[in-house]
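# Structural description and commentary
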Amino acid sequence: MVSRSYSNLLELASGEPPSIGRISRRIPRVMTVAGIISDLDSDSDSDASAGPSSSSSPRDRTIIVANHLPIRTHRRPNGQGWTFSWDDDSLLLQLKDALSDHPDMDFVYVGCLRDEIPASDQDEVSQILLETFKCVPAFLPPDLLARYYHGFCKQHLWPLFHYMLPLSPDHGGRFDRSLWQAYVSVNKIFADKILEVINPDDDFVWVHDYHLMVLPTFLRKRFNRVKLGYFLHSPFPSSEIYKTLPVREELLRALLNSDLIGFHTFDYARHFLSCCSRMLGLSYESKRGYIGLEYYGRTVSIKILPVGVHLGQLKSVLSLLETEVKVAELVEQFCNRGRIMLLGVDDMDIFKGISLKLLAMEELLKQHAEWRGKVVLVQIANPARGRGKDVKEIQDESYAMVKRINDAYGEPGYEPVVLIDEPLQFYERIAYYVVAECCLVTAVRDGMNLIPYEYIISRQGNEKLDSVLGVDHSTPKKSMLVLSEFIGCSPSLSGAIRVNPWNIEAVADAMDYALEMSEPEKQLRHEKHYRYVSTHHVGYWANSFLQDLERTCLDHSRRRCWGIGFGLRFRVVALDSNFRKLAMEHIVSAYKRTQTRAILLDYDGTLMPQASIDKSPSPQSIDILNSLSRDKNNIVFLVSARSRSDLSEWFSSCENLGTAAEHGYFLRLKRDADWETCVPVADCSWKQIAEPVMKLYTETTDGSTIEDRETALVWSYEDADPDFGSCQAKELLDHLDSVLANEPVSVKSGLHIVEVKPQGVSKGLVARRLLSTMQDRGLSPDFVLCIGDDRSDEDMFEVISTSIAGTSLTPAAEVFACTVGQKPSKAKYYLDDTAEIVRLMQGLASVSAQTLVRL
């Protein structure tokens with residue numbers, strides 16, 4: 001049963017009982033608003049049994065969740081009550097508006113308001129927002145909001161995701177667990193708000209940005225099949241940076257409770273996948289163009305697509321009379337005086353690189369005297385979203401640098417740098433775009449940055465603006481961009497001049513190059529950029545994401561799901577309806593009532609954990625195998641890829657245990673029997689070709705080793721860097737396939753290995769040989785158990801499964817093909833890990849031991 005309570009999540013996050021009940025207030029149920037509030041009062045133990053939706057609308061509905069609602073709040077002049085309006089600058093509203101040509105889409109918003117609402121007004125405000133705007137507000141007490149937003153989000157996550165390590169208390173701040181507790185608490189409050197409006201069978205949920213990274217766990221715990229997408233609008237740092245975060249695994253596992261995770265660039269996605277590989281041991285695959293991670297039977301898809309701008313809004317603002325007037329004013333101020341405007345538009349924070357841009361401007365004027373008196377850098381500095389002494393330091397430094405440059409290179413009627421630090425109306429900013437000859441973005445790290453996109457659309461202009469600028473409307477438009485390599489929009493704007501903002505001289509040279517570039521070249525670059533930006537707008541981005549989310553969730557109803565794990569380690573196991581966990585009581589019951597049993601067991605990864613350094617069997621494993629093999633009703637085989645010398649040494653005390661070495665090439669029915677070969681004796685001259693190749697990769701891959709077996713060669717990279725080892729393994733596989741193309745061998749990859757072995761050798765041969773030997777002796781097994789963990793064991797599963805229809809088993813035989821872990825397999829059953837395998841075998845051994853005692 002999935003509990004309705006989230007308290008265990010908070011308790012594990014904080015180490016103490018939470019005070020959520022005191023800070024979360026549920027909005028009243030407004031049942032008169034059709035299609036918004038679902039009846040969630042009936043208790044249910046899973047999403048499959050959730051009550052029917054109260055919505056009468058047949059449209060697809062998406063619940064968009066973000067830190068802030070796309071709403072502007074205004075206190076009435078008399079102080080009595082509030083008025084609300086849409087925030088046209090909000091991306092969340094823009095994506096809805098851009099999808100207005102899709103009448104089958106409906107949106108509900110969940111988030112906070114930017115203004116504090118007194119507790120006495122919250123119920124009324126909730127009702128107004130729900131009825132008028134389809135918005136569900138989450139009200140946070142001021143102290144909790146401060147610890148959550150200005151604390152954990154802005155002091156820990158935001159700096160770290162922008163590559164700023166807390167090396168000292170003055171830089172980012174040391175990790176504070178109380179701020180983490182506040183972060184988890186707020187995410188839980190958001191989850192409660194979503195539960196008030198969600199219809200889990202039909203609705204999609206789209207969560208935005210780093211403020212709500214653990215929210216997917218709360219939602220997935222309540223509704224195992226919730227259709228959940230998450231988009232990160234900030235950078236995702238490299239694993240070397242991310243792994244310094246004390247709650248790194250909790251955040252990764254929470255994100256993996258989403259169905260689809262979106263990033264602006266491949267770099268951000270690659271860093272996330274690398275973190276999942278290094279910290280959680282997960283690997284990803286690309287199938288038919290889609291990247292996916294297998295996580296407990298669920299496929300978590302990865303989406304890479306940068307967000308775009310709202311074309312309709314920009315074109316509308318470009319057509320305003322106010323914009324026209326402002327453009328005329330700027331033309332008079334700059335163009336008519338022979339000035340060329342370079343434009344920067346940035347938030348006043350430490351990562352936007354304003355000071356680096358100013359240094360580059362100073363260098364340009366120093367090195368290129370011809371631009372003095374002609375070029376003006378207009379720097380629009382928007383208010384910082386965070387607060388603290390870092391912001392104050394940036395402001396002070398910027399003002400000092402502007403003064404220094406203007407004092408050094410200014411002259412009467414000419415200031416080389418104009419710093420605008422007061423808030424501008426959107427149309428005013430657009431006017432600056434229209435007039436600027438070049439746009440400069442020198443951020444040292446930025447998730448996306450849409451300023452270049454807005455600039456390109458603005459430079460396309462319209463007929464009225466062309467008239468104000470004094471250019472013919474038929475003249476090809478032009479624009480120039482100098483962009484930092486470290487911002488998310490840089491890869492998509494290939495015609496921009498890309499720079500390392502830390503290299504001041506290179507940025508100054510790029511500015512000079514942009515100014516000197518020929519008109520036709522500027523026009524070609526603008527045309528290329530405009531074609532991309534005008535087609536990859538916010539509507540394209542949102543529609544593409546929602547389509548992929550729908551595709552990813554298609555098989556939800558076809559899979560059996562249940563939750564496992566406690567606290568923020570909660571995850572959902574999703575299995576095909578024909579793939580189920582092997583129940584101890586089921587197999588023990590079958591074991592007790594059968595008389596002729598065949599048991600085939602893999603070793604590494606099945607009886608012995610893969611991560612174990614000492615690969616020799618434990619005394620417990622030896623006792624279990626002895627108990628099973630001494631039972632006269634059993635024939636027990638250990639089927640391993642290991643050499644026969646290792647197996648002979650390790651299992652020398654198991655007299656009745658059958659053993660197959662090197663994937664079944666060597667086989668013996670009992671300890672004292674002679675070794676046989678399942679295939680004709682192999683010619684191993686191919687080793688002279690393969691071994692030098694493997695040695696080459698061993699020398700270049702630190703932590704890799706070669707194991708030379710009698711009939712096989714194995715290259716292992718278990719102790720190498722996982723990313724580099726995997727890359728080298730793919731190269732080695734191709735290399736060996738090429739050089740051994742004419743040899744009677746097969747080259748296969750496995751878990752952290754690449755193996756070369758004789759053709760035709762497989763563990764399936766052992767299974768087939770065992771069943772045929774028993775049949776020759778007049779023994780038809782009525783119980784078959786086969787357990788393995790990797791690809792090589794799939795051959796055994798296939799033989800066992802197909803033998804059900806043959807004559808080698810009794811008609812009513814109980815057959816159990818079982819793999820380790822939830823993954824695509826030919827086995828019908830699974831167990832989670834080697835510990836569960838050992839417990840199962842111990843249970844069967846105890847049954848055999850009791851039988852021997854009775855005899």
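Just so it is clear, the model here is predicted, and its values are computed rather than measured. Counting of residues starts from 1 at the beginning of each chain's written sequence and follows it residue by residue. The predicted origin of the model limits local features to residues at a pLDDT of at least 70 and limits the giving and counting of side-chain atom pairs to 80 or more, whereas totals for whole chains, interfaces and linings rest on all residues. Hydrogens and water are ignored here; the side-chain numbers use all heavy atoms of the structure.

### A look at the overall build of the chain
Helix and strand counts for the chain stand at 28 helices and 32 strands. Dimensions of the chain, computed from the C-alpha atoms along their principal axes, are close to 110 × 70 × 50 Å. Residues counted as buried form 56% of the 855 residues belonging to the chain. Should any heavy atoms of two residues lie within 4.5 Å, those residues are considered in contact. Intrachain contacts of the chain at a sequence separation of at least 6 include 72% that bridge at least 24 residues. Only the protein chains shown count as cover for residues, with accessible areas throughout obtained via the Shrake-Rupley method and a probe of 1.4 Å. Approximately 36,100 Å² of the chain is accessible, and the part contributed by carbon and sulfur atoms is 49%. Only four residue types enter the charge count: Lys and Arg as positive, Asp and Glu as negative, with His and the chain ends excluded. Where a charge lies is defined by one atom per residue type: Lys uses NZ, Arg uses CZ, Asp uses CG and Glu uses CD. In the chain, the 94 positive side-chain charges and the 116 negative ones have mean positions that sit 4 Å from each other. Counting from the N terminus, the helices are the DSSP runs of H or I reaching at least four residues and the strands are the DSSP runs of E reaching at least two. Throughout, exposure labels follow a simple rule: accessible area from a 1.4 Å probe, protein chains only, divided by the maximum for the residue type, with under 20% read as buried, over 50% as exposed, and the rest as partly exposed.

### Quick notes on the confidence of the model for the chain
For the chain, mean pLDDT is 87; residues scoring 70 or higher make up 92% of the total. Throughout residues 1–58 the model reports pLDDT below 50, and contacts reaching past four residues in sequence, or to other chains, amount to 119 contacts. Looking at any residue, its pLDDT shows the predictor's confidence there, from 0 to 100.

### Considerations on the pairing of strand β13 (residues 375–382)
Within β13, seven of the eight residues are buried, which leaves it mostly tucked inside the rest of the structure. Direction of pairing for strand β12 (residues 340–347) relative to β13: parallel, over a ladder of eight bridges. Along β13, the bridge assignment pairs Ile340 with Val375. Handedness of the crossover joining β12 and β13 through helix α13 (residues 354–367) is recorded here as right-handed. Here the rule is simple: two strands pair whenever DSSP picks up at least two bridges between them. Relative to strand β14 (residues 417–420), β13 runs parallel, the two sharing four bridges. Directly across from Gln379, in β14, lies its bridge partner Leu419. A crossover gets the label right-handed when its path from the first strand over the helix to the second runs clockwise, viewed with the strands pointing away from the viewer.

### A few points about empty space enclosed by the protein
Here the term cavity refers to a set of points on a 1 Å grid, laid over the protein atoms alone, in which a 1.4 Å probe fits but cannot get out; the term pocket refers to an open set having protein on both sides within 12 Å along at least five of seven lines, with lining residues being those that place an atom within 4 Å of a point. Grid points are joined across faces, edges and corners, and a volume is the space filled by probe spheres set on the points. Enumeration over the complete set of coordinates arrives at two cavities of 30 Å³ or more. A volume near 50 Å³ is recorded for the largest cavity. Surrounding the largest cavity, Leu601, Leu607, Ser621, Ile624, Leu625, Leu628, Val838 and Met841 form its lining. Elements with a minimum of two residues in the lining of the largest cavity: α22 (619–630) and α28 (834–854). Ranked by residues supplied to the lining of the largest cavity, first place goes to α22 with four residues. The residue inventory of the lining of the largest cavity, partitioned by class, reads seven nonpolar, one polar and no charged. Residue polarity is assigned by list, with Asp, Glu, Lys and Arg as charged and Ala, Val, Leu, Ile, Met, Phe, Trp, Tyr, Cys and Pro as nonpolar; anything else, Gly included, falls into the polar class.

### Quick word on unusual backbone geometry
The phi torsion at Tyr163 lies on the positive side, around 70°, for a residue other than glycine. Checked against the element boundaries, Tyr163 lands in the loop between α5 (142–161) and α6 (177–195). The exposure class of Tyr163 is partly exposed, given its relative accessible area of 24%. Of note in this structure, Tyr296 is not a glycine but carries a positive phi near 55°. Within the fold, Tyr296 resides in the loop between β10 (290–295) and β11 (298–304). Under the relative-accessibility criterion, Tyr296 is labelled partly exposed at 25%.

### Observations concerning the packing of helix α12 (residues 321–333) against helix α15 (residues 426–435)
Here, axes are lines fitted to C-alpha atoms. For helices the fit covers the stretch in contact, and angles between N-to-C directions go from 0 to 180 degrees. Between α12 and α15, the shortest axis-to-axis distance is 9 Å and the interhelical angle comes to 45°. With respect to their mutual orientation, α12 and α15 come out oblique. Classified by chirality, the crossing of α15 by α12 is right-handed. Mapping the contact onto sequence places Glu322, Thr323, Lys326, Val327, Leu330 and Val331 in α12 and Tyr427, Glu428, Ile430, Ala431, Tyr432, Val434 and Val435 in α15. Grouping the amino acids of the contact of α12 with α15 by side-chain chemistry returns nine nonpolar, one polar and three charged. Angles below 35 degrees are treated as roughly parallel, those above 145 as roughly antiparallel, those between 65 and 115 as roughly perpendicular, and all remaining angles as oblique. Two helices cross in a left-handed way if the nearer one is turned anticlockwise from the farther one by less than a right angle. They cross in a right-handed way if the turn is clockwise.

### Topic: the nonpolar core
For the purposes of this section, nonpolar cores are sets of buried Ala, Val, Leu, Ile, Met, Phe, Trp, Tyr and Cys residues that join through side-chain atoms within 4.5 Å. Formed by 185 residues in total, the largest nonpolar core has its most connected members in Val65, Tyr183, Phe236, Leu251, Leu256 and Phe272. Here this core gets 11 residues from one element, more than from any other, and that element is α6. In contact with Phe236, other than residues within four places in its own chain, are Phe161, Tyr163, Tyr242, Leu252, Phe263, Tyr268, His271, Phe272 and Cys275. In terms of nonpolar packing, the next biggest core, distinct from the first, is built from 41 residues, Ile599, Phe651, Leu785 and Ala845 among them.

### Notes on the packing of α15 against helix α16 (residues 451–460)
Each packed pair of helices is defined by two parameters, the angle between the axes and the distance between the axes. Running from N to C, α15 and α16 cross one another at 70°; their axes reach a closest spacing of 8 Å. Viewed along their axes, α15 and α16 adopt a mutual orientation that is roughly perpendicular. From α15, Phe426, Arg429, Ile430, Tyr433, Val434 and Val435 reach across to α16, where they touch Ile451, Glu454, Tyr455, Ser458 and Arg459. Here the residues of the contact of α15 with α16 are counted per class, giving seven nonpolar, one polar and three charged.

### Overview of the sheet that holds strand β15 (residues 438–441)
If you walk across this open sheet you meet the six strands as β14-β13-β12-β15-β16-β17, and the pairing is parallel. Taken across any chain shown, the strands that pair with only one partner, and hence form the sheet edges, are β14 and β17 (497–499). Averaged over all pairs of adjacent strands, the angle between strand axes in this sheet comes to 20°, irrespective of strand direction. In terms of strand pairing, β12 meets β15 through two bridges, oriented parallel.

### A few points about the state of the cysteines
A pair of sulfur atoms, both from cysteines and within 2.5 Å, is called a disulfide here. With the rule as written, the count across this model stands at zero disulfides. Here Cys275 is not disulfide-linked; the sulfur of Cys276 is the nearest cysteine sulfur, at 7.0 Å. With a relative accessible area of 0%, Cys275 lands in the buried category. No disulfide involves Cys654; its sulfur sits 19 Å from that of Cys786, the nearest cysteine. For Cys654, a relative accessible area of 1% translates into the label buried.

### Describing the sheet that holds strand β26 (residues 705–708)
Two modes of strand pairing occur in sheets, parallel and antiparallel, and in both the strands are linked by backbone hydrogen bonds. Pairing is antiparallel in the open sheet, where four strands are placed in the order β26-β27-β29-β28. Looking at strand neighbours, the two that pair on one side only are β26 and β28 (745–750), the edges of this open sheet. Direction aside, the axes of adjacent strands within the sheet are offset by 15° on average. Here β28 pairs with strand β29 (residues 753–758) via six bridges, running antiparallel. Note that in β29 the partner of Gly750 across the bridge is Ile753. Packing of helix α24 (residues 687–700) onto the sheet brings it into contact with β26, β27 (713–716) and β29, and relative to β27 it is tilted by some 10°.

### Observations concerning the packing of aromatic side chains
Between 30 and 60 degrees the pair is tilted, below 30 it is stacked and above 60 it is edge-to-face, where a pair is any two Phe, Tyr or Trp rings, Trp via its six-membered ring, whose centres lie within 6.5 Å. The tally for this structure, following the rule as stated, stands at 29 aromatic pairs. Seen in terms of ring centroids, Phe152 and Phe175 are 6.2 Å apart; in terms of plane orientation they differ by 80°. Their pairing is edge-to-face. Of this pair, Phe152 sits in helix α5 while Phe175 sits in the loop between α5 and α6; the two residues are 23 residues apart in sequence, bridging distant segments of the chain. For Phe175, a relative accessible area of 27% puts it in the partly exposed group. Aromatic side chains Phe152 and Trp180 sit 5.4 Å apart centroid to centroid with 50° between the ring planes, which places their arrangement in the tilted category. One end of the pair, Phe152, is in helix α5; the other, Trp180, is in helix α6, and 28 residues separate them in sequence. Overall, Phe152 belongs to the buried group, its relative accessible area being 0%. Given the relative accessible area of 1%, Trp180 is considered buried. Within the aromatic cluster, the residues linked to one another by ring pairs are Tyr148, Phe152, Phe175, Trp180 and Tyr183.

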